[in-house]
Amino acid sequence: MIVVAVFFVRLGVFLLVVTAVAIGIVPILVLIDLLDGGTGWGLCPGGIEACDKPYSTGAELIIVLSLAMFLTVFGIRLLMRLARRLRDDTYQITQ
């Protein structure tokens, strides 16, 4: 039973790591989209030349992505502690 719990905790950690990598890639993809004449995933609907508030939009993106990264890393730490505690409990029971 505990082995299954540890598996699901590690699966959660894996999903959070994938989420953290995706959060790290988002700014690069937005910049590439803007350089190709796109809207930057909706940041500048008219393109970079017609962007009405280019500086505050970038700052908002950085704040949101930083907060999301912080919460993701915090979740990874919590799940890793839970996995370690579950694993230690299993070790003590089997001795």
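Look up a bit, the structure's there.
Predicted model, so just to flag it, every value in this text is computed and none were measured.

Quick notes on the rules
- Residues numbered from 1 in each chain as written.
- Predicted model: local features only at pLDDT ≥ 70, side-chain atom pairs only at ≥ 80, totals over all residues.
- Heavy atoms only, no water.
- Helix = DSSP H or I, 4+ residues; strand = E, 2+ residues; numbered from the N terminus.
- Buried < 20%, exposed > 50% of the residue type's maximum accessible area, 1.4 Å probe, protein only.
- Expected span 1.5 Å × (residues − 1).
- Bend = angle between axes of the 7 residues up to and from the residue.
- Phe/Tyr/Trp six-rings, centres within 6.5 Å; stacked < 30°, edge-to-face > 60°.

## Quick notes on the environment of Ala-22
Along the chain, Ala-22 turns up in helix 1 (residues 2-35). Under the relative-accessibility criterion, Ala-22 is labelled partly exposed at 39%. With 47 residues separating them along the chain, Ala-22 and Met-69 place their C-alpha atoms 9.7 Å apart.

## Examining helix 1
Helical geometry: 3.6 residues make up each α-helical turn, so side chains three or four residues apart lie on a common side. Under the 1.5 Å per step criterion, the end-to-end length of helix 1 is 50 Å for 34 residues, consistent within 8% with the ideal 50 Å. A maximum bend of about 30° is found in helix 1 at Ile-25, where proline Pro-27 lies one to four positions downstream. Restricting attention to buried positions, one finds in helix 1 the residues Val-6, Val-9, Gly-12, Val-13, Ala-20, Ile-23, Val-30 and Leu-34. Gly-37 sits one or two positions beyond helix 1 and adopts a positive phi of about 90°.

## Brief notes about the packing of aromatic side chains
Tallied over the entire structure, the rule returns two aromatic pairs. Consider the rings of Phe-7 and Phe-8, whose centres lie 5.4 Å apart with planes at 65°: the pair is edge-to-face. Ring centres 6.4 Å apart and planes at 15° place the aromatic pair Phe-70 and Phe-74 in the stacked group. Placement of the pair is Phe-70 and Phe-74 together in helix 2 (residues 54-94), with a separation of four residues, close to one helical turn. Since its relative accessible area comes to 54%, Phe-70 is described here as exposed.

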